[in-house]
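Structural overview
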Amino acid sequence: MTLIKNIGRILWRIWFYLLVLIPILIFFPFLLLFTTSEKLYPQFFWVARNLWARPILYGMGFFPKFKREEEIIKGKSYMLIANHTSMTDIMLMLLASKNPFVFVGKKELSKIPIFGFFYKRTCILVDRGSPRSRKAVYDSAQERLSQGMSICIFPEGGVPKEDIVLDNFKDGAFRLAIEHQIPVVPMTFADNKIRFPYSFFQGSPGRMRVTIHSFLSTEGKEVADKKEMSKTAREIILNELTAYGIS
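Here we summarise the structure given alongside this text. Each chain carries its own residue numbering, running from 1 in the direction its sequence is written. The model is predicted, so local features are restricted to residues of pLDDT at least 70 and side-chain atom pairs to those at 80 or more, both for listing and for counting; the totals for chains, interfaces and linings are taken over all residues. Based on all heavy atoms of the structure, the side-chain values leave hydrogens and waters out of the count.

1. What about the side chain of Thr88?
Looking at the element boundaries, Thr88 is found in helix 4 (residues 88-96). When a residue's accessible area, from a 1.4 Å probe over protein chains only, is under 20% of the maximum for its type it is buried; when over 50% it is exposed; and in between it is partly exposed. For Thr88, a relative accessible area of 0% translates into the label buried. The way it works is that DSSP assigns letters per residue, a run of H or I at least four long becomes a helix, a run of E at least two long becomes a strand, and they are numbered from the N terminus.

Here it is as structure tokens:
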């Protein structure tokens with residue numbers, strides 16, 4: 001019985017990678033066109049959100065369920081943050097906001113065939129071991145925010161170890177938000193770690209609960225307040241995870 005379950009999970013994982021790849025191949029000419037200019041990024045975002053992320057989640061048997069304490073306003077810039085536990089965090093974040101936003105993500109993902117080609121053309125890549133790279137990320141994020149985009153950063157800086165519910169937050173997202181005087185939008189992803197963990201033989205279809213918390217205002221705050229804001233955001237997400245029975 002264990003062998004059959006493992007074979008089923010292997011096939012299920014393969015299906016995930018096919019769902020990631022197939023829309024990219026189908027819409028390749030359009031994606032290529034929409035990544036030729038930053039002005040066309042909203043069109044790329046629409047395709048990524050509706051024709052890539054949505055089919056992947058529902059095709060895997062994942063059913064997002066959003067609880068919104070405050071609504072994201074169309075045309076306004078935000079700093080989107082969430083806990084990071086799964087590859088599906090990317091797809092779920094795309095569904096969480098209709099407003100176009102740009103991911104700040106690990107440089108290593110750009111090496112993934114085909115996906116990595118568009119990843120490096122549309123995301124802000126960071127090499128966490130390089131201070132120069134972190135400075136370049138900051139400059140790129142500032143440019144995108146000045147264009148009216150939102151930014152998404154997973155402030156843990158990566159996926160925490162299995163026994164850590166929520167890692168400490170880094171300050172970069174909060175510094176950017178304060179300097180540009182844009183709200184921080186904390187989100188709690190409650191089920192991604194259970195539904196699609198990095199452990200190959202675990203995971204299952206089911207609901208994916210998301211809480212979009214009340215926004216944290218940066219009005220009147222200074223860069224020196226970034227650590228306090230980071231602490232507040234982490235406590236909000238950790239408390240929600242605890243309320244969901246995740247510890």
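2. Considerations on helix 1 (residues 2-26)
Under the convention used throughout, the expected extent of a helix is 1.5 Å for every residue step, that is, one less than its residue count. An ideal rise of 1.5 Å per residue puts 36 Å on 25 residues; helix 1 measures up with 36 Å between its terminal C-alpha atoms. Along helix 1, the residues classified as buried are Trp12, Arg13, Phe16, Leu19, Val20, Pro23 and Ile24. Only heavy atoms enter the contact rule, under which two residues are in contact if any of them lie within 4.5 Å. Buried-residue contacts for helix 1 involve helix 2 (28-34), helix 3 (41-59), strand 1 (62-68), helix 4, helix 5 (115-122) and helix 8 (192-195).

3. Digging into helix 3
Here helix 3 is 19 residues long and its end C-alpha atoms lie 25 Å apart, about the 27 Å a rise of 1.5 Å per residue gives. To get the bend at any residue, fit one axis to the seven residues that end at it and another to the seven that begin at it, then take the angle between the two axes. In the structure, helix 3 departs most strongly from a straight axis at Ala48, where the bend amounts to approximately 30 degrees. Taken as a whole, helix 3 has its buried residues at Tyr41, Phe44, Phe45, Val47, Ala48, Arg49, Asn50, Trp52, Ala53, Ile56 and Leu57. Just downstream of helix 3 lies Gly61, where phi reads positive at about 85 degrees.

4. A short note on the packing of helix 1 against helix 3
For every element, the axis is a line fit to its C-alpha atoms; helices are fit only across the contacting stretch, and the angle between N-to-C directions ranges from 0 to 180 degrees. For the pair helix 1 and helix 3, the least separation of the axes is 9 Å and the interaxial angle reads 155 degrees. Classified by the angle between their axes, helix 1 and helix 3 sit roughly antiparallel to one another. Two packed elements cross with a definite hand, and for helix 1 against helix 3 that hand is right-handed. Two secondary-structure elements touch here, helix 1 through Trp15, Phe16, Leu19, Val20, Pro23 and Ile24 and helix 3 through Leu51, Trp52, Pro55, Ile56 and Gly59. Nonpolar residues are Ala, Val, Leu, Ile, Met, Phe, Trp, Tyr, Cys and Pro. Charged residues are Asp, Glu, Lys and Arg, and all others, Gly as well, are polar. When its residues are assigned to classes, the contact of helix 1 with helix 3 shows 10 nonpolar, one polar and no charged. Roughly parallel means an angle under 35 degrees; roughly antiparallel, over 145; roughly perpendicular, 65 to 115; everything else is oblique. A crossing counts as left-handed when the near helix is turned anticlockwise from the far one by less than a right angle, and as right-handed when that turn is clockwise.

5. Some words on unusual backbone geometry
Phi at Gln181 takes a positive value of approximately 55 degrees, unusual for a residue other than glycine. Within the element layout of this structure, Gln181 appears in the loop between helix 7 (172-180) and strand 6 (184-189).

6. Here we look at the nonpolar core
Grouped burial of nonpolar side chains is what soluble globular proteins tend to show. Core analysis: the biggest nonpolar cluster contains 72 residues, and Trp52, Met79 and Met93 have the highest contact counts within it. For this core, the element with the most residues is helix 3, which contributes nine residues. Not counting chain neighbours up to four residues away, the residues in contact with Met93 comprise Leu80, Ile81, Ala82, Phe101, Phe103, Cys152, Phe154, Met187 and Phe189. By nonpolar core we mean a set of buried residues, namely Ala, Val, Leu, Ile, Met, Phe, Trp, Tyr and Cys, connected to one another through side-chain atoms within 4.5 Å.

7. What to know about the environment of Glu240
Relative to the assigned elements, Glu240 resides in helix 9 (residues 226-243). For Glu240, a relative accessible area of 12% puts it in the buried group. Expressed as a C-alpha distance, the spacing of Glu240 and Thr211, which sit 29 residues apart in the sequence, is 8.0 Å. Filtering out sequence-adjacent residues up to four positions away, Glu240 remains in contact with Lys67, Thr188, Thr211 and His213. What qualifies as a polar contact is a pair of N or O atoms within 3.5 Å, subject to a donor-acceptor requirement within protein and to the restriction that residues adjacent in sequence count only when both atoms come from side chains. A polar atom in the side chain of Glu240 sits 3.1 Å from the side chain of Lys67.

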